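# Coordinates in review
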Amino acid sequence: ISVSVLYCPDITLMPTYAVNRSKILEQVLSSEGWSAIVDANEENVGFSMWDSGSKPNIPGPVDCRLQCLRKDEAASIDNKKQLWNHLRDTVRGSLPETIFGDINTPVRDTSGIWFLKKGHTSGGKDIHCGTYKDMQQVLSSVENRKLWVLQRGVNSCLIDSKKWTLRMYVLYHPDRSTWLFEEGLAIVHRQDFDPDSTDKEIHIDHTGCSRLLFSSLPLYNDVFPLLQTLTSDVFKTYQPFLNKDSDPTRYHLFGLDFIINEDMLPILIEVNMFPNMSVNSKSLARSVKQQVFESMFSLLIEPLVEGVKPKRGGFLCVLGPYGGRAA
């Protein structure tokens, strides 16, 4: 892969970083000889992953070679309502049946469990589940209904009689290519699945959930190619909204959540602009996050800051100028 267009050898950049999103990433960078910035006015910082929602600005870098998208630059992909709006014409069959916050919207079949979600939420916050009638009652009492979406529950395949969701990681490269990490985490709920139950522990709450490697599941070889296609279609739709100025310093790491339905087809339920990449007591989750960051270092950070040949690690190119596997 040639990175000559993005790499600027005339600019001397120190292997320094500004990170407030993950101790795991800090450890990966430190193990590669990089140092955290210490001077609030330091210039020519090599890399940052700084959540501007947590702090107003990156602490000091006047010239940062690589920095993640700001929230306002990717807000539309992080919003559940806008997500459905943008994707309904391209991947409608891979999204849950969705109704916007209008209690008068006619629905032919109201059976099953429904989920009421606020547009900008994460970590299971502001999500309700129940019958269609229950959710209509909740919706009638909330402020600004236009911020909410109502979705029919997906009939998912089960693991040991339990519902589960799949977390995958996607790297958006400054050259506008999109890379899907080949490993993911199956997050398995604690309680056995009951199609008639409205218990949050069965459907939403991740407290006490177990985690399995996606690659360890028998369905992996059949489902992963479908995830490649779906991820490609999603980010093809979103390319006009991401990095509109074609800034060669902008990258981003997204977390995509899927449910695999009874027909073994992936259904996209959420895109997280800032997935939880913090240190986790679950060693399996920590291991996958570390693999993601190590691969991100060899594919993105080291090549574009230090000019070395990129290596894809565990990432697979699903969209962009390269069109396939990297070396």
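So, here is what we can say about the structure in this document. Chains are numbered independently. Their residues run from 1 in the order of the written sequence. Given that this is a predicted model, residues contribute local features only at a pLDDT of at least 70 and side-chain atom pairs are listed and counted only at 80 or more, while totals for whole chains, interfaces and linings are drawn from all residues. Think of the side-chain values as coming from all heavy atoms in the structure, minus any hydrogens and water.

This next bit is on unusual backbone geometry. Positive phi is not limited to glycine here, since arginine 176 has a value of about 75°. Looking at the secondary structure, you find arginine 176 in the loop between β9 (164–172) and β10 (178–181). Judged by its relative accessible area of 22%, arginine 176 is partly exposed. The phi torsion at methionine 264 lies on the positive side, around 65°, for a residue other than glycine. Put simply, DSSP H or I for four residues or longer makes a helix, DSSP E for two residues or longer makes a strand, and each gets a number counted from the N terminus. With respect to the element layout, methionine 264 can be found in the loop between β13 (250–260) and β14 (266–272). The rule is simple: take the accessible area with a 1.4 Å probe, protein chains only, and divide by the maximum for that residue type; under 20% is buried, over 50% is exposed, in between is partly exposed. With a relative accessible area of 35%, methionine 264 lands in the partly exposed category.

In this section: helix α1 (residues 23–31). Side chains three or four residues apart in an α-helix point the same way, a direct result of the helix having 3.6 residues per turn. For α1, the set of buried residues is Ile24, Leu25, Glu26, Val28 and Leu29. Any pair of nitrogen or oxygen atoms within 3.5 Å is treated as a polar contact; in protein, a donor-acceptor pairing is required on top of that, and neighbouring residues in sequence qualify only through side-chain atoms on both sides. If you check the start of α1, you find a side-chain oxygen 3.2 Å away from the backbone N of isoleucine 24, and it comes from serine 22.

What follows is about the side chain of threonine 165. With respect to the helices and strands, the residue threonine 165 is situated in strand β9. Exposure remark for threonine 165: the relative accessible area of 8% places this residue in the buried category. Should any heavy atoms of two residues lie within 4.5 Å, those residues are counted as being in contact. Apart from residues lying up to four places away in sequence, threonine 165 is in contact with Leu185, Ala186, Ile187, His206, Phe258, Ile259 and Ile269.

Another aspect to go through is the packing of helix α3 (residues 80–87) against helix α6 (residues 220–238). Where α3 contacts α6, the axes come no closer than 10 Å and their chain directions differ by 95°. Comparing the axis directions of α3 and α6 gives the class roughly perpendicular. Contacts from Gln82, Leu83, His86 and Leu87 in α3 reach Val234, Thr237 and Tyr238 in α6. Here the contact of α3 with α6 is built from residues that sort into four nonpolar, three polar and no charged. Fitted lines through C-alpha atoms serve as axes, helices being fitted only where they are in contact, and the angles separating the N-to-C directions of these axes extend from 0 to 180 degrees. Angles below 35 degrees are treated as roughly parallel, those above 145 as roughly antiparallel, those between 65 and 115 as roughly perpendicular, and all remaining angles as oblique. Throughout this entry, Asp, Glu, Lys and Arg are counted as charged residues, while Ala, Val, Leu, Ile, Met, Phe, Trp, Tyr, Cys and Pro are counted as nonpolar. The remaining residues, Gly among them, count as polar.

Moving on: the nonpolar core. The biggest cluster of nonpolar side chains holds 73 residues, and the ones touching the most others in it are Phe47, Trp164, Phe214, Leu253, Phe254, Leu268 and Met296. Element by element, the count of residues in this core is highest for helix α7 (residues 283–306), at 11 residues. Among buried residues, the Ala, Val, Leu, Ile, Met, Phe, Trp, Tyr and Cys ones that are joined through side-chain atoms within 4.5 Å form a nonpolar core. Core analysis: the second largest hydrophobic core is formed by nine residues, Ile99, Tyr132, Leu139 and Leu150 among them.

In this section: the sheet that holds strand β7 (residues 127–130). Backbone-to-backbone hydrogen bonds pair the strands of a sheet. The strands run either parallel or antiparallel. One open sheet holds the four strands; their spatial order is β5-β8-β6-β7, and the pairing between them is antiparallel. Strands with a single pairing partner mark the edges of an open sheet, and in this sheet they are β5 (98–100) and β7. The average angle at which neighbouring strand axes cross in this sheet is 20°, direction not considered. In this description, strands pair whenever DSSP reports at least two bridges between them. Note that strand β6 (residues 114–118) and strand β8 (residues 148–152) share five bridges and pair antiparallel. By the bridge assignment, lysine 118 is partnered in β8 with tryptophan 148. Here α3 sits on the sheet in contact with β5, β6 and β8, set at roughly 115° to β5. The sheet contacts of helix α4 (residues 132–141) involve β5, β6, β7 and β8, and relative to β7 the element is tilted by about 145°.

A separate point is the packing of α1 against α7. Contact pair α1 / α7: the axes reach a minimum separation of 9 Å and the direction vectors enclose 50°. Accordingly, the angle class assigned to the pair α1 and α7 is oblique. Note on packing geometry: the crossing formed by α1 with α7 is right-handed. In this structure, α1 contributes Ile24, Leu25, Gln27, Val28 and Leu29 to the contact, and α7 contributes Arg286, Lys289, Gln290, Phe293, Glu294, Met296, Phe297 and Ile301. When grouped by side-chain class, the residues that make up the contact of α1 with α7 number eight nonpolar, two polar and three charged. By definition, any crossing whose near helix is turned counterclockwise from its far helix by less than a right angle is left-handed, and any crossing with a clockwise turn is right-handed.

Points on a 1 Å grid, built from protein atoms alone, make a cavity when a 1.4 Å probe fits but cannot get out and make a pocket when they are open with protein on both sides within 12 Å along at least 5 of 7 lines; residues with an atom within 4 Å of a point are the lining residues. Grid points are joined across faces, edges and corners, and a volume is the space filled by probe spheres set on the points. Enumeration according to the criterion identifies two cavities of 30 Å³ or more in this entry. Of the volumes computed, that of the largest cavity is approximately 70 Å³. Residue classes in the lining of the largest cavity are distributed as seven nonpolar, one polar and one charged. In this model, the second largest cavity occupies a volume close to 60 Å³. What lines the second largest cavity is Lys80, Leu83, Trp84, Leu95, Pro96, Gln151, Leu268 and Ile269. Listing elements by their share of the lining of the second largest cavity, those giving two or more residues are α3 and β14. In terms of residue class, the lining of the second largest cavity is built from six nonpolar, one polar and one charged.

All right, on to α6 then. In this model α6 runs 26 Å from its N-terminal to its C-terminal C-alpha over 19 residues, within 8% of the 27 Å that 1.5 Å per residue would give. Listed in full, the buried residues belonging to α6 are Tyr220, Val223, Phe224, Leu227, Leu230, Thr231, Ser232, Val234, Phe235, Thr237 and Tyr238. Multiplying 1.5 Å by the residue count of a helix minus one yields the expected span of that helix.

Okay, the side chain of lysine 163 next. Mapped onto the fold, lysine 163 is located in the loop between β8 and β9. Despite its burial, lysine 163 pairs with no opposite charge; the closest candidate is aspartate 199, at 11 Å N-O. Of note is the side chain of lysine 163, whose polar atom sits 3.4 Å from the side chain of histidine 203. With residues up to four places along the chain from it excluded, the contact list for lysine 163 reads Phe115, Ser156, Leu158, Ile187, Val188, His189, Phe193, Ile202, His203 and Ile259. Positive charges come from Lys and Arg alone, negative charges from Asp and Glu alone, with His and the N- and C-terminal ends not counted. Between Lys or Arg on one side and Asp or Glu on the other, a salt bridge is scored when a side-chain nitrogen of the former is within 4 Å of a carboxyl oxygen of the latter.

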